Amino acid sequence: MGKQKSAVEFTAQVIFLLCAATAIAAVCSITFYMFFKGTPALARVGAGELLFGTVWQPTAAEPSFGIFSIILTSVVGTALAIVLGVPVGILTAVFLTEVANKKLAKIVQPAVELLAAIPSVIYGLLGLMLLNPFIYKLEKMIFADSKTHQFTGGANLISAVIVLAIMILPTVITISTSSLQAVPEQIKAASFALGATKIQTIFKVVLPAARSGIMTGVVLGIGRAIGEAMAINLVAGGSVNLPLPFHSVRFLTTQLVSEMSYAEGLHRQVLFTVGLVLFLFIMAINFVLAWMKKKGAQENG
Amino acid sequence: MMKNRITKTLAILAAVSVTAAGFAGCSNRSDASKASKDLSGTITMAGSTSMEKLANAFAEAFNEKYPNVTITPEFTGSSAGLEALEAGTVQIGNASRALSEDEKAAGIVENIVAIDGIAVIVDLENDVTELTSEELAKVYTGEVTNWSELGGADEQIVVIGREAASGTRSAFEELLNIEDQCRYAQELDSTGAVLAKVASTPGAIGYVSLDVLDDTVNAVKLNGVEATEENIASGSYALSRPFVMATMGEISEQEDLVQEFFAYVKSEEGQEVIRQIDLILPE
């Protein structure tokens, strides 16, 4: 009887171990594969020329593989999306937890959750149909007298940033909301007791107290924005240019999406390097996240 | 005695040759019946997205004739298809461009099965109906940026094209001699996307395969020549390219099934399939 039980225990343990090993094996093999496939091009093209060159002509007679504009677009595009999306997200979270009455919060909360569940291609489609024509009108007004501006038809960095900003909202709102809810009532009560108004309490007491949780939300938002491909592929225009607002641009992700299927030889290897760069960005973001969680735990402890 | 021997030898020789001829006749006959009835198996092909219509049409028509044969076309892009062919994972690699010297050196044989025309398209509102090759080149290199310079309304030109490694793009740029000088406002990764964008963007210009052209856009005349099948076959239309079904080694070195497929492509029925999807026959 006892022997039988220990056999069951043992089998269960092995199954658990195998499951855990799957995840680790996946991470290790992906990491290995990305470095294995991504580094040869660095050597063949030259790391400096590849990472800091600005001319992307992979199929020319004398090909040029500079992905600096693409890296910069991902960084600038993500940063702008954060600048636009994070304040809206945090204030929505404040509204949900501190300001709105319960009935209203019950309407907004599911709406936010639904926003998170919408597939990214739908965001792209709406951006394509609604946002691009609108941005093109704006572009025509702003550059009406310009002789040098290349008209993008509304598919440019601004459109991509707006779409990204909306897409990171659910992440920022959900995580900020839960960290705001975790702020102890006593702190707020103390603030009120000292004569602070509700707004003063929110900005001087509640938000600082929830800071580490909110930052986690922001970093996750950055991760989502930098890894997004489908939606911005539809609205960003897709030419390799420096990331200025009305330039047609290409992100690290869309670079892979649009050229992988047709690329050959060195061009294909360079695309793996692009993938590697993207992978390193995501890794960096995850390390920042882990570090912040640790720090947050220390502060709270 | 001597004479007898010679007669004997001759008789034996005659008998042998007759038997051989008989055997040959038999095997020929059985081959033919095998081809029409017992042909079965799978033909794998991969490659150009531009050749999707063509590959699917052939897969369907061939399957109708030989129900036991399935063709499984995949659309991974010209280069990916040729790579798969070289790696031996497919039997036929579809490419919507001529093969490069490197690819030919690797033993890949270029079998041109059809010719495709590239149509230059503008949105329906645009009243420019005709361009010259030079004008088109200037539009794509960014020298001309407003339709008014081409006899149209005062509307900015939104230059739309395909991504760098696309077969359509390389064909387009090569045929106009503007390789890698193009200034695209938008680089899209599929034919359908170009069509949709041009249709929905005022002042847009783009290029797509002739066979996907529909009435959501206008095709412009090039050097006074309309983008039609006759004009492309006759060579008077400037923008056309080959559709290649490449094999590793000559067709005659392929498996029977693949040989049979190419025989079908070149047959009257096969040629009809090509014609039906608005492609042009080679030669």
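First, a word on scope: everything that follows refers to the structure included in this document. (Residues numbered from 1 in each chain as written. Chains lettered and ligands numbered in written order. Predicted model: local features only at pLDDT ≥ 70, side-chain atom pairs only at ≥ 80, totals over all residues. Heavy atoms only, no water.)

Residues and elements named next belong to chain A. The interhelical angle for the contact between helix H6 (residues 157-181) and helix H9 (residues 211-227), taken along N-to-C directions, is 155°, at an axis separation of 8 Å. Here H9 runs roughly antiparallel to H6, going by the angle between their axes. Crossing handedness for the pair H6 and H9: right-handed. Of the residues in H9, those touching H6 at Leu 164, Met 167, Ile 168, Thr 171, Val 172, Ile 175, Ser 176, Ser 179 and Leu 180 are Gly 213, Ile 214, Gly 217, Leu 220, Gly 221, Arg 224 and Ala 225. Considered class by class, the residues forming the contact of H6 with H9 number nine nonpolar, six polar and one charged. (Axes fitted to C-alpha atoms, helices over the stretch in contact; angles between N-to-C directions. Helix = DSSP H or I, 4+ residues; strand = E, 2+ residues; numbered from the N terminus. Parallel < 35°, antiparallel > 145°, perpendicular 65-115°, else oblique. Left-handed = near helix turned anticlockwise from the far one by under 90°. Contact = heavy atoms within 4.5 Å. Nonpolar A, V, L, I, M, F, W, Y, C, P; charged D, E, K, R; others polar.)

Attention shifts here to the pattern of salt bridges. All names here are of chain A. Scanning the model with the defined rule gives 13 salt bridges over all chains in all. Of the charged contacts, one joins Glu 98 and Lys 188 as a salt bridge, the two residues approaching to 3.2 Å between their closest N and O atoms. Of the two residues, Glu 98 is situated in helix H3 (residues 68-99) and Lys 188 in helix H7 (residues 185-193); the sequence distance between them amounts to 90 residues. Using a relative accessible area of 10% as the deciding quantity, one classes Lys 188 as buried. (Salt bridge = Lys/Arg side-chain N within 4 Å of Asp/Glu carboxyl O. Buried < 20%, exposed > 50% of the residue type's maximum accessible area, 1.4 Å probe, protein only.)

Our next topic: the pairing of strand E1 (residues 41-47) of chain B. Residue and element names in this part refer to chain B. Two strands pair when backbone bridges link them, and E1 and strand E2 (residues 69-75) are joined in this way by seven bridges, in the parallel orientation. Paired with Met 45 across the strands is Pro 73, a residue of E2. Relative to strand E3 (residues 92-95), E1 is paired through three bridges, and the arrangement is parallel. From the neighbouring strand, Gly 47 faces E3, where its bridge partner is Asn 94. (Pairing = 2+ DSSP bridges.)

Chain A puts 32 residues into the contact, and the matching count from chain B is 32 residues. Surface buried jointly by chain A and chain B totals about 2,400 Å² across both partners, of which 43% is contributed by carbon and sulfur atoms. Where chain A meets chain B, there are three salt bridges. Here Arg268(A) makes a salt bridge to Glu83(B), at a shortest N to O gap of 3.7 Å. Applying the counting criterion to the chain A and chain B interface returns nine residue pairs in polar contact (both at pLDDT 80 or more). Counting only elements with at least two residues in the side of chain A that touches chain B, the list comes to helix H5 (120-142), helix H10 (230-235), helix H11 (252-259) and helix H12 (266-300) of chain A. With four residues, the top contributor of residues to the side of chain A that touches chain B is H5(A). (Buried area = accessible area lost by both parts, 1.4 Å probe. Polar contact = N/O pair within 3.5 Å; in protein donor to acceptor, adjacent residues only side chain to side chain.)

Moving on: the environment of Leu99(B). Residue and element names in this part refer to chain B. Counting through the fold element by element, Leu 99 comes out in the loop between E3 and helix H4 (101-105). In this structure the C-alpha to C-alpha distance between Leu 99 and Ser 170, which are 71 residues apart in sequence, comes to 12 Å. Other than its neighbours up to four places away in sequence, Leu 99 contacts Leu 82, Lys 104, Ile 108, Val 109, Glu 110, Val 244 and Ala 246.

Residue and element names in this part refer to chain B. Following the criterion strictly, the structure yields 16 aromatic pairs over all chains and no others. Ring geometry for Phe 172 versus Tyr 207: centroids 4.0 Å apart, planes at 20°, classification stacked. One end of the pair, Phe 172, is in helix H6 (residues 167-176); the other, Tyr 207, is in strand E9 (residues 204-209), with 35 residues separating them in the sequence. The same class applies to Phe 172 as to Tyr 207, namely buried. Three or more aromatic residues link up through ring pairs in this structure, and these residues are Phe 58, Phe 62, Tyr 66, Phe 261, Phe 262 and Tyr 264. (Phe/Tyr/Trp six-rings, centres within 6.5 Å; stacked < 30°, edge-to-face > 60°.)

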